[in-house]
Amino acid sequence: MGVRISCRASEMAAPNFKAMAKPWLPWAAVSGVLAVVSIRAILAETGGEPAVPLDDSFIHFQFARSFASGHPLAYTPGTAPTPGATSLLWPLLLAPFCAVGVGELGLVWVAWAFGFVALSLLAMDTHRLALGLTSRPVAIAAGAMVPAFGGLVWCAGSGMEVVPFAWLLVRAARLAAERAESPTPMARARLAELIAEYLGRNGLEMHWIRRGDVAIEKTHEIEPDLLLLDVMLPGL
């Protein structure tokens, strides 16, 4: 009779959105205060009319309308497409709002919302990225430098794509670093499957169990000679 081995792999847990939002809330509060102060200052200067400092922003708005109308990159209705935008994703992100009837000045509010939400996310991911490199106080200081930098606050209120795409770059760098250092649950499960397949081919009786609580029950039932466990034990 072959040696019996119980091999357990972790399974992917459902996302906990409340837990995911918790580290973002302090940065969202800071960004919200900056948004209120900045937008109130702008409206005070313009007599209550939303405005942005760059004509490039309105170029993006125009291309957003072209995407919404089904004629992408046509700056003027009825003309041929022109490569006049510095970003394709930003007009695409704004296009659904044009499609539901949001006007040019309304798009300013949409761009402001994206800009300041992205500012808070950029601060959060900068903090989390720094946590893997330095101490907690220094990581907090790194995150705080994002809303403290006037250039980024100005960009968040400019109607441009600078801050949203800065956040995407930092987040991509953080996730890439984390995945390089720690395999995902799916990768761990695949590794356990390969181990079970290899040992099974060598005449061993295998029992591949995905959850820790089930593994405890099976241990009393099958009395394995060897247990191979993952560090993470779902169900315990």
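Our structure is the block above this text.
Described in the following lines is the structure provided in the data block. All values reported here derive from a predicted model rather than from experimental measurement. (Residues numbered from 1 in each chain as written. Predicted model: local features only at pLDDT ≥ 70, side-chain atom pairs only at ≥ 80, totals over all residues. Heavy atoms only, no water.)

What to know about the overall build of the chain
We count it as follows: Note on conventions: DSSP H or I runs of at least 4 residues are helices, E runs of at least 2 residues are strands, and numbering of each starts at the N terminus. Only protein chains enter the accessibility calculation, which uses a 1.4 Å probe; a residue is then buried when its area is under 20% of its type maximum, exposed when over 50%, and partly exposed in between. In this description, contact between two residues means that some pair of their heavy atoms is separated by no more than 4.5 Å.
In terms of helices and strands, the chain carries 10 helices and 3 strands. Counting from the amino terminus, the chain carries its helices and strands in the arrangement β-α-α-α-α-α-α-α-α-α-β-α-β. Out of the 236 residues in the chain, the part that is buried amounts to 31%. Sequence separation of at least 24 residues holds for 73% of the intrachain contacts in the chain that already meet a minimum separation of 6.

Points about the packing of helix α2 (residues 25-46) against helix α5 (residues 104-131)
Here is the rule we go by: Think of each axis as a best-fit line through the C-alpha atoms, taken over the contacting stretch in the case of a helix, with angles from 0 to 180 degrees between the N-to-C directions. For any pair of crossing helices, the crossing counts as left-handed if the nearer helix is rotated counterclockwise from the farther one by less than a right angle, and right-handed if it is rotated clockwise. Lys, Arg, Asp and Glu make up the charged group, whereas Ala, Val, Leu, Ile, Met, Phe, Trp, Tyr, Cys and Pro make up the nonpolar group; the residues left over, Gly among them, are polar.
Between α2 and α5, the least distance of the axes is 9 Å, while the angle of their chain directions is 145°. In this structure, α2 meets α5 at a crossing whose hand is right-handed. Touching W27, A28, S31, L34, A35, S38, I39, I42 and L43 of α2 are W109, W112, F116, L119, S120, A123, M124 and H127, all from α5. A class-by-class count of the residues in the contact of α2 with α5 yields 13 nonpolar, 4 polar and no charged.

Description of the packing of aromatic side chains
How we decide: Pairing of aromatic rings covers Phe, Tyr and Trp, the last through its six-membered ring, and needs centres within 6.5 Å; plane angles under 30 degrees mean stacked, over 60 mean edge-to-face, and all others mean tilted.
If you walk through the whole model with that rule in mind, you get 5 aromatic pairs. Between F58 and F61, the aromatic rings sit 5.5 Å apart at their centres with planes inclined by 80°, giving edge-to-face as the arrangement. Taken together, the residues F58 and F61, both in helix α3 (residues 55-68) and 3 residues apart, mark about one turn of the helix. Judged by relative accessible area, F61 falls into the buried class, the value being 0%. The interplanar angle of 75° and the centroid separation of 5.9 Å between the aromatic rings of F97 and F114 together place this pair among those described as edge-to-face. Of the two residues, F97 sits in helix α4 (residues 89-99) while F114 sits in helix α5, which places them 17 residues apart along the sequence. Classification of F97 as partly exposed rests on a relative accessible area of 29%. In this structure F114 comes out as partly exposed when scored by relative accessible area, which is 26%.

Let's talk about unusual backbone geometry
Non-glycine residue L73 carries a positive phi angle of around 70°. Relative to the elements of secondary structure, L73 occurs in the loop between α3 and α4. Non-glycine residue E223 carries a positive phi angle of around 45°. Among the structural elements, E223 can be located in the loop between α10 (212-222) and β3 (226-228).

As for the environment of P137
The topology assignment puts P137 in helix α6 (residues 136-148). In this structure, the C-alpha to C-alpha distance between P137 and H127, residues 10 residues apart in sequence, is 9.7 Å.

So, the environment of G70
Position of G70 relative to the elements: it lies in the loop between α3 and α4. Residue classification places G70 among the exposed residues on the basis of a relative accessible area of 51%. Linking G70 and A99, residues 29 residues apart in sequence, is a C-alpha distance of 9.8 Å.

Side note on α2
What counts, and what does not: One fewer than the residue count of a helix, multiplied by 1.5 Å, yields its expected span. Arc definition: it is the arc formed by the directions from the helix axis to the C-beta atoms.
Its 22 residues place the ends of α2 31 Å apart at the C-alpha level, agreeing with the 32 Å of an ideal helix rising 1.5 Å per residue. Looking only at α2, the buried set comprises W27, A28, S31, A35, I39 and L43. The buried residues of α2 all sit within an arc of 115° when viewed along its axis, so they share a single face. Residues V33, V37, R40, A44 and E45 are exposed on α2 and point more than 90 degrees away from its buried face. If you follow the buried residues of α2, they end up packed against α5 and α6. Positive phi shows up at G47, right after α2, with a value of about 75°.

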